[in-house]
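The lines below spell out each chain.
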Amino acid sequence: MTGNTEAEGTLASRILRYWLMHPDATDTLDGIGWWLPGKRSGWSRDELKDAVGLLVLRGWVREIAASSSPTLYAFKPERAREANDSLAKGELG
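Residues numbered from 1 in each chain as written. Predicted model: local features only at pLDDT ≥ 70, side-chain atom pairs only at ≥ 80, totals over all residues. Heavy atoms only, no water.

Q: Quick question: what am I supposed to make of the overall build of the protein here?
A: When its secondary structure is counted, the protein shows four helices and three strands. Secondary structure elements of the protein occur, N-terminal to C-terminal, as α-β-α-α-β-β-α. In the structure as shown, the protein presents an accessible area of about 5,500 Å², 49% of it carried by carbon and sulfur atoms. (Helix = DSSP H or I, 4+ residues; strand = E, 2+ residues; numbered from the N terminus. Areas by Shrake-Rupley, 256 points an atom, 1.4 Å probe, with all protein chains shown as cover.)

This is the structure we're talking about:
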């Protein structure tokens, strides 16, 4: 991760908002990039990886690693209230 830059936080906020509306969504980085609101905004794959990594670091998203396929990412619905509060406070960007 790049240290929670403003751009990283803004992108993480967009991803988190989507996950709060679709808490059962599970996807790869490429898949997240496809469904991400504002996906045509020019986010690079590295920026996407950093933003999802920030959500993992905060404990709101889990990584599901498998040796034979790309890593999947899933929202932790039990952390929805905390994640929503953080968004409301503007803590991510």
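Q: Got a minute to help me understand the pairing of strand β2 (residues 61-66) in this structure?
A: One face of the sheet, then the other: side chains in a regular strand alternate in exactly this way. Here β2 runs beside strand β3 (residues 69-75); their pairing, made up of five bridges, is antiparallel. Residue pairing for β3: Glu63 is matched across the bridge by Tyr73. Between β2 and β3, which follow one another and run antiparallel, lie two residues. (Pairing = 2+ DSSP bridges.)

Q: Help me understand helix α4 (residues 80-88) in this model?
A: Note on helix geometry: an α-helix contains 3.6 residues per turn, so any two residues three or four positions apart are oriented the same way. For α4, the complete set of buried residues consists of Ala83, Ser86 and Leu87. Down the axis of α4, the buried set is contained in an arc of 100°. They therefore lie on one face. Across α4 from its buried face, at more than 90 degrees, point the exposed residues Arg81 and Ala88. (Buried < 20%, exposed > 50% of the residue type's maximum accessible area, 1.4 Å probe, protein only. Arc of directions from axis to C-beta.)

Q: Help me understand the sheet that holds β2 in this model?
A: The pairing of strands in a sheet happens through backbone hydrogen bonds and is either parallel or antiparallel. Across the sheet, which stays open at both edges, the three strands sit in the order β1-β3-β2 with antiparallel pairing between neighbours. Of all the strands in the sheet, the pair left with one neighbour each is β1 (26-27) and β2.

Q: Help me understand helix α3 (residues 45-57) in this model?
A: For α3, built from 13 residues, the straight-helix expectation of 18 Å at 1.5 Å per residue is met to within 8% by its first-to-last C-alpha distance of 18 Å. Every buried residue belonging to α3 is among Leu48, Asp50, Ala51, Val52, Leu54 and Leu55, and all of these are buried. Note on α3: the residue one or two positions beyond its end, Gly59, has a positive phi of about 90°. (Expected span 1.5 Å × (residues − 1).)

Q: Explanation requested: the packing of aromatic side chains in the structure shown.
A: The relative placement of two aromatic rings is captured by the distance of their centres and the angle of their planes. In the structure shown here, the tally under the stated rule is two aromatic pairs. Aromatic pair Tyr18 and Trp35: ring centres 3.8 Å apart, planes at 20°, arrangement stacked. In this pair, Tyr18 is assigned in helix α1 (residues 6-21) and Trp35 in helix α2 (residues 29-35), connecting sequence segments 17 residues apart. Like Trp35, Tyr18 is buried. Here the aromatic rings of Trp19 and Trp35 are separated by 5.7 Å at their centres, their planes lie at 75°, and the arrangement is edge-to-face. Of this pair, Trp19 sits in helix α1 while Trp35 sits in helix α2, and the two are 16 residues apart along the sequence. No difference in accessibility class separates Trp19 from Trp35, as the two residues are buried. Through pairs of rings, three or more aromatic residues link up here, namely Tyr18, Trp19 and Trp35. (Phe/Tyr/Trp six-rings, centres within 6.5 Å; stacked < 30°, edge-to-face > 60°.)

The values are spatial; any link to function lies outside them.
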